[in-house]
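Fold and geometry: a report
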Amino acid sequence: MSLSPHSMIARRPETPSQTGGPYVHIGLAPQQAGFDIFDHNFGNVLTTPETKGEHITLEGRVFDGTGTPVRDVLIEIWQANAAGRYAHPGDSQDGHTQGGRTQAREIDPTFRGWGRTGGDFDTGVYTFETIKPGPVPANDGGTQAPHILMVLFARGINLGLHTRVYFDDEADANAADPVLTGIEWETRRDTLIATRSERDGKVIYTFDVYLQDTPAGGHETVFFDI
Amino acid sequence: MIIAAPGAASGEFVERDHTQHPPALTPGYRTSVLRSPRNALIAPRPTLSETTGPVFDPRELGEKDNDLILNFAKDGLPIGERLIVHGYVRDEFGNPVKGALVEAWQANAGGRYRHKKDRYLAPIDPNFGGCGRMITDENGYYFFRTIKPGPYPWANSTNAWRPAHIHFSINGTGWAQRLITQMYFEGDPLIERCPIAKTVPTLDQLRSLIAQEDPANNAPFDARTYRFDLTLRGRRATFFDNITLPGAPR
């Protein structure tokens, strides 16, 4: 027997995940389940009229392996504000220097940067009212392209699926983004790019998610182990 | 609306141990077949985006938000066994996760959800909503009061019954800690037969989803108590530039 020390390192196992199930809305979006219980509801509008930055709508659908919309999906997003700062004590950026100029990166008191919503029970469409985030720091001192983090829960999804939303009008920044370019298969990177359009004077970014390849040619979205 | 609590950890999370979680594709749980990605997950080095996450303030919640017995009561009390569920949210290194948003939802005593898509013939309870929420204290502690949910049939097969369970959603101190799971009740024979419970890789791991009866903490002549602790991912702490060690600070 080898002389091993008494164990001083205890890493407890993470609690196992279970599906959110078909009635996830009761807990996380009760108004969508059909009743009103809380005075304050968490929802899909991340902004107020005062929130700084370009106001956008992020919308899309989630598809299963047959191409059928996942109408019971529950989606949450997390993002930086327009200055590229997260409303979290772990983000201690005051300013950053780019091209010799220092730009302030202040917290926007009107913007938490987090929201949640379910897909529409008829169409499967989800919608967030938010702002386009600024670029945020990467690990190597460089910069990440503007992006929104997204996690999906639903019946049949055993562990929440994490992905990222990038923007198609940020081609140069996307080409330099370490996470996006770290995806070995260039053809799969496109699954993370939202498409910009305008409707009734509002800026819309469309971001569809494919849980699997579909017979009609949908390509499975890149999901991350974060 | 934005409150950045001082002192929250900022190190990156230790990589997730996927052997602790169900795989995406679990054919015994049939709905997973068409909803499970076929490609491997991609694991970039965590960035500021994943180590941060939403911060919640207790003032955003209402006084009765963690009292499922009263938070939807209209003209009486909900039918069923009165229960208290309590426990601690900690990370993998035993540190309390304070300020975590814990949300819980469940069926009523008859196994029926207050949800427009639930068509089970058991009746809606007019005095029971079935959802609650709370924020953990300095010690990672949470508690709520409810009634015991009933088992109910579901369409995985023609005679499949879910064990009594309460759904839990946890937002910890960072995006990568996000977790949704389910709590079962000690002694329920349906757990071992449930295709969803059994998506967890081993029966020993499944034991960590079973709440333990906690009679010493019963509320006498009022409610029975169950204990359910949760473990979220832990962070590495940065001691020196480019050198990180797991588990600190305490």
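Small disclaimer: the values here were computed from a predicted structure and weren't measured.

Attention shifts here to unusual backbone geometry. Look at Asp200(A): it is not a glycine, yet its phi comes out positive at around 50 degrees. Within the secondary structure, Asp200(A) is located in the loop between β12 (193–199) and β13 (202–206). A relative accessible area of 75% places Asp200(A) in the exposed class. Even without a glycine there, the phi angle at Phe221(B) is positive, about 60 degrees. Assignment of secondary structure puts Phe221(B) in the loop between β9 (210–213) and β10 (224–227). Look at Phe221(B) and you get exposed, because its relative accessible area is 93%.

Feature annotation in UniProt assigns "domain: Protocatechuate 3,4-dioxygenase beta subunit N-terminal" (unreviewed entry) to the following positions: residues 15–43 of chain B. The span residues 15–43 of chain B is 0% helical and 0% strand by assignment, and the distance between its end C-alpha atoms comes to 9 Å.

Along the chain, Ala122(B) turns up in the loop between β2 (101–106) and β3 (131–135). As for Ala122(B) and Ala109(B), which are separated by 13 residues in sequence, their C-alpha atoms are 9.4 Å apart.

Under the criterion given, the structure shown has 28 salt bridges over all chains. For Arg164(A), the salt bridge is made with Glu50(B), and the minimal N-O distance between the two is 2.7 Å. Within this pair, whereas Arg164(A) is found in strand β11 (residues 161–167), its partner Glu50(B) is found in helix α1 (residues 48–51), the two belonging to separate chains. A relative accessible area of 4% places Glu50(B) in the buried class. Each of Glu54(A), Lys132(A), Asp169(A), Glu170(A) and Arg196(A) takes part in salt bridges that share partners, so that together they form one network.

Next up on the list: the interface of chain B and chain A. Each partner contributes to the interface: chain B provides 93 residues, whereas chain A provides 82 residues. Linking chain B with chain A are seven salt bridges, by the criterion used here. The closest approach of N and O atoms between Glu76(A) and Arg178(B), which form a salt bridge, is 2.6 Å. The tally of links between chain B and chain A comes to 49 residue pairs in polar contact (both at pLDDT 80 or more). If you list the elements that add at least two residues to the side of chain B that touches chain A, you get α1, β1 (82–91), β2, β3, β7 (165–171), β8 (179–185) and β11 (230–232) of chain B. The leading source of residues in the side of chain B that touches chain A is β8(B), at five residues. Looking at the side of chain B that touches chain A, its residues break down into 41 nonpolar, 30 polar and 22 charged.

Quick look at the sheet that holds β13(A) now. Residue and element names in this part refer to chain A. With respect to topology, eight strands assemble into an open sheet ordered β6-β3-β10-β11-β12-β13-β1-β7, the strand pairing being mixed. Because the sheet does not close on itself, it has two edges, and the strands there are β6 (114–118) and β7 (126–131). Direction aside, neighbouring strands of the sheet carry axes that sit 30 degrees apart on average. Note that β12 and β13 share five bridges and pair antiparallel. The residue bridging Ser 197 from the neighbouring strand is Ile 204, located in β13.

Quick notes on the rules
- Residues numbered from 1 in each chain as written.
- Chains lettered and ligands numbered in written order.
- Predicted model: local features only at pLDDT ≥ 70, side-chain atom pairs only at ≥ 80, totals over all residues.
- Heavy atoms only, no water.
- Helix = DSSP H or I, 4+ residues; strand = E, 2+ residues; numbered from the N terminus.
- Buried < 20%, exposed > 50% of the residue type's maximum accessible area, 1.4 Å probe, protein only.
- UniProt positions renumbered as here; feature names shortened; annotations may be inferred.
- Salt bridge = Lys/Arg side-chain N within 4 Å of Asp/Glu carboxyl O.
- Contact = heavy atoms within 4.5 Å.
- Polar contact = N/O pair within 3.5 Å; in protein donor to acceptor, adjacent residues only side chain to side chain.
- Nonpolar A, V, L, I, M, F, W, Y, C, P; charged D, E, K, R; others polar.
- Pairing = 2+ DSSP bridges.
- Axes fitted to C-alpha atoms, helices over the stretch in contact; angles between N-to-C directions.

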